[in-house]
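Notes for the structure review
One-letter residues, chain by chain:
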Amino acid sequence: MNLTAAEIKAFVPTRDLDLSVRFYEALGFEAASRMEDLAYMRHGDTSFLLQLFDDAHFSSNFMMHFLVENVNDWHAYVQNEGIAEHFGVQVGPLVDQPWRMRDFKLLDPFGVVWIIAQNT
């Protein structure tokens, strides 16, 4: 039996696919493919599916954990590009966590919480 996993993707909800695609492209993701209600978003070897799904309660309780090589650079990029101002989203401060990670929170335009982190 071969039980090797190849990939796992989350379906990230959005109420406005065009706006969300622009937001994630501003973060450096690429819309590798797109349909009317779904976009395959990719950044290097990481990816997720952005799905048109109109449920504010669900979106505001949805979280993604994005492990990166240099969280300080990611935080600086988000700040320097004016992502919060341009898209009306919140960006948290860098925090050294007791579980040996440094991270910050970034909310997307519909309340999805991204925890962008680096192992320390």
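Refer to the structure above for everything that follows.
This report concerns the structure included in the present document. (Residues numbered from 1 in each chain as written. Predicted model: local features only at pLDDT ≥ 70, side-chain atom pairs only at ≥ 80, totals over all residues. Heavy atoms only, no water.)

Attention now goes to the nonpolar core. Formed by 27 residues in total, the largest nonpolar core has its most connected members in Val-12, Tyr-24, Phe-48, Leu-50, Leu-106, Trp-114 and Ile-116. For this core, the secondary-structure elements that each account for two or more residues are α1 (17-26), β3 (38-43), β4 (46-52), β5 (63-67), α3 (71-80), α4 (83-87), β7 (101-107) and β8 (113-119). Ranked by residues supplied to this core, first place goes to α1 with four residues. Excluding its chain neighbours within four sequence positions, the residues that come into contact with Leu-106 are Phe-23, Leu-27, Val-78, Val-89, Gln-90, Val-91, Val-112, Val-113, Trp-114 and Ile-116. (Core = buried A, V, L, I, M, F, W, Y, C linked by side-chain atoms within 4.5 Å. Buried < 20%, exposed > 50% of the residue type's maximum accessible area, 1.4 Å probe, protein only. Helix = DSSP H or I, 4+ residues; strand = E, 2+ residues; numbered from the N terminus. Contact = heavy atoms within 4.5 Å.)

Moving on, we get to the pattern of salt bridges. Within the structure shown, the criterion is met by five salt bridges. Between Lys-9 and Glu-7 there is a salt bridge; the shortest N-O distance is 2.7 Å. (Salt bridge = Lys/Arg side-chain N within 4 Å of Asp/Glu carboxyl O.)

Take the pairing of β8 next. Most of β8 is tucked away: five of the seven residues are buried. Summarising the sheet, β7 and β8 pair through seven bridges and their orientation is antiparallel. Residue pairing across strands places Phe-104 opposite Ile-116, the latter belonging to β8. Counting the residues between successive antiparallel strands, the hairpin from β7 to β8 contains five residues, one of them, Gly-111, with a positive phi of roughly 95°. (Pairing = 2+ DSSP bridges.)

This part is about the sheet that holds β8. Across the sheet, four strands lie side by side as β5-β8-β7-β6; this open sheet has mixed pairing. Every other strand in the sheet has two partners, leaving β5 and β6 (95-97) as the edge strands with one partner each. The sheet shows a mean angle of 30° between the axes of neighbouring strands, direction not considered. Against the sheet, α3 engages β5, β7 and β8, with an angle of about 25° to β7. (Axes fitted to C-alpha atoms, helices over the stretch in contact; angles between N-to-C directions.)

Function cannot be read off these values alone, since they describe shape.
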